[in-house]
Number of protein chains: 2
Amino acid sequence: MRMIKLTDTLSGGSDTVDKKNNPVVVYDTSGPYSDPKIVTDALNGIPRIRETWGRRRKDITPGSEVAMDDYPPFTPYRAKKGKAVTQMFYAKRRMITPEMEYVAIRENQQLELLGLKSYITPDFVRKEVASGQAIIPANINHPEIEPMIIGRKFLVKVNNCIGHPSIEPEVDDMIEKAIWSCKWGGDMLTDISTGSRIHEVRERVIRNCPVPAGTVPAYQALEKVGGEIKALNWPAYRDTLIEQAEQGVDFFVIHAALLKKHLDFTFPRLTGIVSKGGLIMSEWMKQHNEENFLYTHFDDICDIAKSYDAVLLLGNGLHPGSIYDANDSAQYAELRVMGRLVDRAWEQFVQVMTLCSGHIPMNKIHEYIKEQQYHCSGAPLCSFGPATTDISCGYDHITSTIGAAQTAWHGASMIGCIPVKETFESPTYDDIRNSIVAYKIAAHSADIAKGHPGSQVRDNALSKARSESRWKDELNLSIDPERASKYLKETL
Amino acid sequence: MRMIKLTDTLSGGSDTVDKKNNPVVVYDTSGPYSDPKIVTDALNGIPRIRETWGRRRKDITPGSEVAMDDYPPFTPYRAKKGKAVTQMFYAKRRMITPEMEYVAIRENQQLELLGLKSYITPDFVRKEVASGQAIIPANINHPEIEPMIIGRKFLVKVNNCIGHPSIEPEVDDMIEKAIWSCKWGGDMLTDISTGSRIHEVRERVIRNCPVPAGTVPAYQALEKVGGEIKALNWPAYRDTLIEQAEQGVDFFVIHAALLKKHLDFTFPRLTGIVSKGGLIMSEWMKQHNEENFLYTHFDDICDIAKSYDAVLLLGNGLHPGSIYDANDSAQYAELRVMGRLVDRAWEQFVQVMTLCSGHIPMNKIHEYIKEQQYHCSGAPLCSFGPATTDISCGYDHITSTIGAAQTAWHGASMIGCIPVKETFESPTYDDIRNSIVAYKIAAHSADIAKGHPGSQVRDNALSKARSESRWKDELNLSIDPERASKYLKETL
């Protein structure tokens, strides 16, 4: 968290008594990078703060399951045979883990300072995690993270994607962009890059990343089999999952709910299947004429996830690519399967959330969220966008921010940035900043609309500063103090 | 309107029969500026197309009421004594004016092409105007405009402000910005500039403006009395109204609903009164200890408005300056007075709409709109923003777009752009483009969500083009083809 100290209110006139203003504590995702006392070094990674929280030592064992050319710099851990080491498992055992305590403190930041208590206690966090209504993504092999929680009753979080599925990534550029994303408030990072150096890039990103990081494992599995969709198979996918889980990937986007029978539902569509993961799996099913192997092996996937406490993010391979296709039978058919998969994940104590993305008009957003909450028994919803029109090429961050603010208000627990030029290319630094800040505004608007405890304190402090012409305080309290100061200076 | 021709769908394979794609007709606000056959000239102004629609000649008479140093280049007209020349008056007389026919065609653009009919007929337009549910801003002295309609049952419109209340305007810059605003889809223009050359600037802007233009007359009235709020009086204000109405100002923002007794309601506020118009009137009331002269002279204001068919936009002087103050008793007290003023305007056949702006959290937007529709008997609502957080300095266009999309969906008929650096300075060309396009996206999202006839045709055509990789069509159909092409070229 970050404390913003405020100047005194000058009472003016002959009355010389100044009035103190309480400092404002804000949620901060920049990790060690904003701490002047810590010298960071991209080669060695950031401090592994959770390593000493070793409460679960007796459940886990060191050693790698997959043969790698370059062995990871740190020994990976996994659960002992038959054990589950997930936050959900401990929560159901009525154990409050340090992670749960951490997020309770983190979410309550402002109220603590004011001496108030909200309902968000460590035990409340435990209950929400135990019932699957919230998740704490924290792979045991990613001790660098500052734990955070995703759930309807907590602050709305923002995910950011780095990399691009069709551009070969530069290692240093990716690390810099990951840090840049955390600086502007990205609560989570999804690495969607592909290419030959994908393992090394991911290792370096994760070792330098203070927020949970995720991937779409199908992209790398496809690389492993030479890019041939037909050659894709469960062993290659399983190895990818284990390899990534050992590196510390905190969540996997898995398109397991897209079944063979659903493909028929996409014929009346205007834009068919547009999700890259969905395209891979549908192509595989067509070529093999078999059921999606991610669905048939879902219990095996859960088995891996529970050994590392990786979260499963059930991807929607049938997300609508246009307003015309929104909320159609294909999308809902997949959603119902997602609901069943959520239950199966929970049986194995695996933390799970579902994805919603694509193009949905404003009047259909609430409907989709109600259906998702019903079918998925309240599992957290992560929404990328949705875009509320089709015509906004070059302004994708605007149209998707409109949709994201509404989904977040109506119950999405995390919203995923759509970069400015989503349709075209890998985002630049400025694109990342613009889209993350836009999404932080959407998330914050939703927190206020939902009446999240303490969420309005920052707004009130800023408005008070504005009405008293305390410019410095106003700038410090604003969502992007650098840009606000720059604009102010230009004006003066 | 503008027709976008599409290329054929190539069926591929041995089948060589191409499929034709219907052209898409889109609403266009650029007037003569996008017509290669018309040579425009800022000195002489654009063609005065409505001048030959002279249906109302027998009701109007030439001649100016106010003594001006530089007489306007065109003779101003006004209604003959006792006559009303407003669209509402003719609508109530069951006359379908050319303006009503024009907007009916304009709103139906796409469906006409497909050979379909929607409910928006000239007579439907007439009924909506007669009942005050919609307005057609079209001052008889502004024949340059292409008429447009504002109402819940029509396309959501976008207003753009040019000028800045504390910066002396440059004439050519203002004209260029007005044209620029029309190019990007601004349906209406509000000139909020002040300064010594205000009359000349306005004259030049209006003569070159193909969309309705409005002002806040209090700004110029204040100039007339030397900038001294205390010296402000009804005669100065009345002269300003007449002077501007003779120039062709299509709507006046009037803070007539802010009463003396309301000032007490603002004491518990965090940010007090933040509207500039509201501040002027509240200061005047405090210094004189009298009722708001705009309220006491409201019938006189209507008398002027009906003589030129100027629309009254009832400003909300008590709009909340922060989330904390949203939907408070002050705001609602003013709203109830607005409702009474709407009735008084309608009694004189004056077209009227009400303004809503400031900071309102998402969960309170629908409530405000329902109250507005109830108290103001369905008179159109024009909403500037609202901003859904207080902390977005430098990103005002994002936070206000989130609010604007929701207000438009729930019933606002027009949304007003908040420029990127609202808090700081006069917007640049790029700021205008960015904020107008963001608002066009919000308006279009609302049209789709409301199910406006034909509003989804453009989205469907674009999505079809995208799924068939007809890139050129996709770019032409997108909201800002120039930017979309630029990004595509950069990527290639």
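Our subject is the structure listed above.
The notes below deal with the structure included here. Keep in mind that this is a model prediction, so the values were computed, not measured. (Residues numbered from 1 in each chain as written. Chains lettered and ligands numbered in written order. Predicted model: local features only at pLDDT ≥ 70, side-chain atom pairs only at ≥ 80, totals over all residues. Heavy atoms only, no water.)

### Quick word on the overall build of chain A
And step 1. Helices and strands together make up the secondary structure of chain A, namely 17 helices and 14 strands.
And step 2. Over its C-alpha atoms chain A spans a radius of gyration of 22 Å, differing by no more than 12% from the 23 Å that the globule rule assigns to 492 residues.
And step 3. With respect to the principal axes defined by its C-alpha atoms, chain A has extents near 85 × 55 × 40 Å.
And step 4. The buried share among the 492 residues of chain A stands at 65%.
And step 5. Sequence separation of 24 or more characterises 74% of the internal contacts of chain A that already satisfy a separation of 6 or more.
And step 6. Looking at chain A as shown, the accessible area adds up to about 17,700 Å², and 52% of this sits on carbon and sulfur atoms. (Helix = DSSP H or I, 4+ residues; strand = E, 2+ residues; numbered from the N terminus. Rg over C-alpha atoms; globule rule 2.2 N^0.38 Å. Buried < 20%, exposed > 50% of the residue type's maximum accessible area, 1.4 Å probe, protein only. Contact = heavy atoms within 4.5 Å. Areas by Shrake-Rupley, 256 points an atom, 1.4 Å probe, with all protein chains shown as cover.)

### Observations regarding the pattern of salt bridges
Residue and element names in this part refer to chain A.
And step 1. Counted by the stated rule, this structure contains 53 salt bridges over all chains.
And step 2. Between K20 and D8 there is a salt bridge, with the nearest N and O atoms lying 3.4 Å from each other. Placement of the pair is K20 in the loop between β1 (2–4) and β2 (24–26) and D8 in the loop between β1 and β2, with a sequence separation of 12 residues.
And step 3. What makes K20 exposed here is its relative accessible area of 71%.
And step 4. Judged by relative accessible area, which is 26%, D8 ranks as partly exposed.
And step 5. D239 is the partner of R238 in a salt bridge, and the nearest nitrogen-oxygen pair spans 3.7 Å.
And step 6. Several salt bridges converge on common partners, so that one network encompasses R48, E51, E144, E203 and R207. (Salt bridge = Lys/Arg side-chain N within 4 Å of Asp/Glu carboxyl O.)

### Notes on the relation of the copies chain A and chain B
And step 1. With an RMSD of 0.0 Å, chain A superimposes on chain B once it is rotated by 180° and translated 0.0 Å along the axis. Interpreted geometrically, this transformation is the action of a two-fold axis. Closest approach to the rotation axis among the C-alpha atoms of chain A is made by I402(A), whose C-alpha sits 2.5 Å away. (Least-squares fit on C-alpha atoms with pLDDT ≥ 70 in both.)

### Some details on the nonpolar core
And step 1. Ranked by internal contacts, the top residues of the largest apolar core, which has 264 residues, are V125(A), L312(A), V125(B) and L312(B).
And step 2. Not counting the four nearest positions on each side in its chain, V125(A) is found in contact with M100(A), V103(A), A104(A), I120(A), I136(A), I149(A) and F154(A). (Core = buried A, V, L, I, M, F, W, Y, C linked by side-chain atoms within 4.5 Å.)

### Here's the deal with helix α13 (residues 396–410) of chain A
And step 1. Here α13(A) is 15 residues long and its end C-alpha atoms lie 21 Å apart, about the 21 Å a rise of 1.5 Å per residue gives.
And step 2. Looking one or two residues beyond α13(A), the residue adopting positive phi is G411(A), at roughly 140°. (Expected span 1.5 Å × (residues − 1).)

### Some remarks on the packing of helix α14 (residues 429–450) of chain A against helix α13 (residues 396–410) of chain B
And step 1. For the pair α14(A) and α13(B), the least separation of the axes is 9 Å and the interaxial angle reads 45°. The orientation of α14(A) with respect to α13(B), classified from their angle, is oblique. As for how α14(A) packs across α13(B), the hand of that crossing is right-handed. Contacts between α14(A) and α13(B) involve A438(A), I441(A), A442(A) and S445(A) from the former and I398(B), T399(B) and I402(B) from the latter.
And step 2. Counted by class, the contact of α14(A) with α13(B) contains five nonpolar, two polar and no charged residues. (Axes fitted to C-alpha atoms, helices over the stretch in contact; angles between N-to-C directions. Parallel < 35°, antiparallel > 145°, perpendicular 65-115°, else oblique. Left-handed = near helix turned anticlockwise from the far one by under 90°. Nonpolar A, V, L, I, M, F, W, Y, C, P; charged D, E, K, R; others polar.)

### Looking at the pairing of strand β13 (residues 381–387) of chain B
Residues and elements named next belong to chain B.
And step 1. Burial analysis of β13 places seven of its seven residues in the buried class, which makes it a mostly covered element.
And step 2. As paired elements, strand β12 (residues 352–359) and β13 share five bridges and run parallel to each other. Looking at β13, one finds that T354 is bridged to L381.
And step 3. In this sheet, strand β14 (residues 414–416) lies alongside β13 in parallel orientation, the contact comprising three bridges. Each residue of the ladder has a partner; that of C382, found in β14, is M414.
And step 4. Once the chain exits β13 it traverses α13 before rejoining the sheet at β14, and the crossover so formed is right-handed. (Pairing = 2+ DSSP bridges. Right-handed = clockwise from strand over helix to strand, strands pointing away.)

### Quick notes on the packing of aromatic side chains
And step 1. A full pass over the atoms with the stated rule returns 22 aromatic pairs over all chains.
And step 2. Residues W284(B) and F293(B) carry aromatic rings whose centres are separated by 4.9 Å and whose planes lie at 70° to one another, so their mutual orientation is edge-to-face. For the residue pair W284(B) and F293(B), the accessibility class agrees, reading buried in each case.
And step 3. What links up through ring pairs into an aromatic cluster is the set W234(A), Y237(A), W284(A) and F293(A).
And step 4. A cation sits over an aromatic face here: R48(A) above F74(A), 3.6 Å from the ring centre.
And step 5. Its end group placed over the ring of Y295(B), R344(B) keeps NZ or CZ at 5.5 Å from the ring centre. (Phe/Tyr/Trp six-rings, centres within 6.5 Å; stacked < 30°, edge-to-face > 60°. Lys NZ or Arg CZ within 6 Å of the ring centre and 35° of its normal.)

### Quick word on the interface of chain A and chain B
And step 1. Each partner contributes to the interface: chain A provides 62 residues, whereas chain B provides 61 residues.
And step 2. Here chain A packs against chain B, burying approximately 5,200 Å² in sum over the two surfaces, 71% of which is carbon and sulfur.
And step 3. Where chain A touches chain B, the interface holds zero salt bridges.
And step 4. At the boundary of chain A with chain B, the tally comes to 16 residue pairs in polar contact (both at pLDDT 80 or more).
And step 5. When residues of the side of chain A that touches chain B are traced back to their parent elements, those giving at least two are α12 (362–375), α13, α14, α15 (457–467), α16 (471–477) and α17 (481–491) of chain A.
And step 6. Sorting elements by how many residues they give to the side of chain A that touches chain B places α14(A) first, with 11 residues.
And step 7. Residue classes in the side of chain A that touches chain B are distributed as 28 nonpolar, 22 polar and 12 charged. (Buried area = accessible area lost by both parts, 1.4 Å probe. Polar contact = N/O pair within 3.5 Å; in protein donor to acceptor, adjacent residues only side chain to side chain.)

### Re the side chain of S413(A)
And step 1. With respect to the helices and strands, the residue S413(A) is situated in the loop between α13 and β14 (414–416).
And step 2. Setting aside its immediate chain neighbours within four residues, S413(A) contacts I150(A), G151(A), R152(A), L155(A), V156(A), K157(A), P380(A) and L381(A).

### Digging into the state of the cysteines
And step 1. One pass over the full model with this rule turns up zero disulfides over all chains.
And step 2. As a non-bridged cysteine, C182(A) has C209(A) as the owner of its nearest cysteine sulfur, 4.7 Å distant.
And step 3. Here C302(B) is not disulfide-linked; the sulfur of C376(B) is the nearest cysteine sulfur, at 14 Å. (Disulfide = S-S within 2.5 Å.)

### Description of the sheet that holds strand β9 (residues 213–215) of chain A
All names here are of chain A.
And step 1. Spatially, β7-β8-β9-β10-β11-β12-β13-β14 is the arrangement adopted by the eight strands of the closed barrel, whose pairing is parallel. When the angles between neighbouring strand axes are averaged without regard to direction, this sheet yields 25°.
And step 2. Taken strand by strand, α12 contacts β12 (352–359) and β13 (381–387), and its axis lies near 160° from that of β13.
And step 3. Relative to β13, α13 is tilted by about 145°, and along the sheet it contacts β13 and β14.

### Description of the pairing of strand β8 (residues 188–191) of chain B
Residues and elements named next belong to chain B.
And step 1. Of the two faces of β8, the one holding M188 and T190 and the one holding L189 and D191 are both buried throughout.
And step 2. Pairing geometry for β8 and strand β9 (residues 213–215), over three bridges, is parallel. Within β9, the residue paired with T190 across the bridge is G214.
And step 3. Handedness of the crossover joining β8 and β9 through helix α5 (residues 198–207) is recorded here as right-handed.

### As for helix α10 (residues 298–308) of chain B
Residue and element names in this part refer to chain B.
And step 1. Counting buried positions along α10 yields eight of 11 residues, so the element is predominantly enclosed.
And step 2. Of all the residues in α10, the buried ones are F298, I301, C302, I304, A305, K306, S307 and Y308.
And step 3. Turning to α10, the residues buried within the fold contact β4 (77–79), α7 (234–247), β10 (251–254), α9 (293–296), β11 (311–314) and α11 (329–347).
And step 4. D309 lies just past α10 and shows a positive phi near 55°.

### Comments concerning the environment of K370(B)
All names here are of chain B.
And step 1. Along the chain, the position of K370 falls in helix α12 (residues 362–375).
And step 2. In this structure K370 comes out as exposed when scored by relative accessible area, which is 51%.
And step 3. As for K370 and E99, which are separated by 271 residues in sequence, their C-alpha atoms are 29 Å apart.

### Let's talk about the sheet that holds β10(B)
All names here are of chain B.
And step 1. What the eight strands build is a closed barrel, ordered β7-β8-β9-β10-β11-β12-β13-β14; its pairing is parallel. Going across the sheet, the axis of each strand differs from the next one's by a mean of 25°, ignoring polarity.
And step 2. The strands touched by helix α14 (residues 429–450) are β7 (157–162), β13 and β14; relative to β7, the strand with the most contacts, the crossing angle is about 160°.

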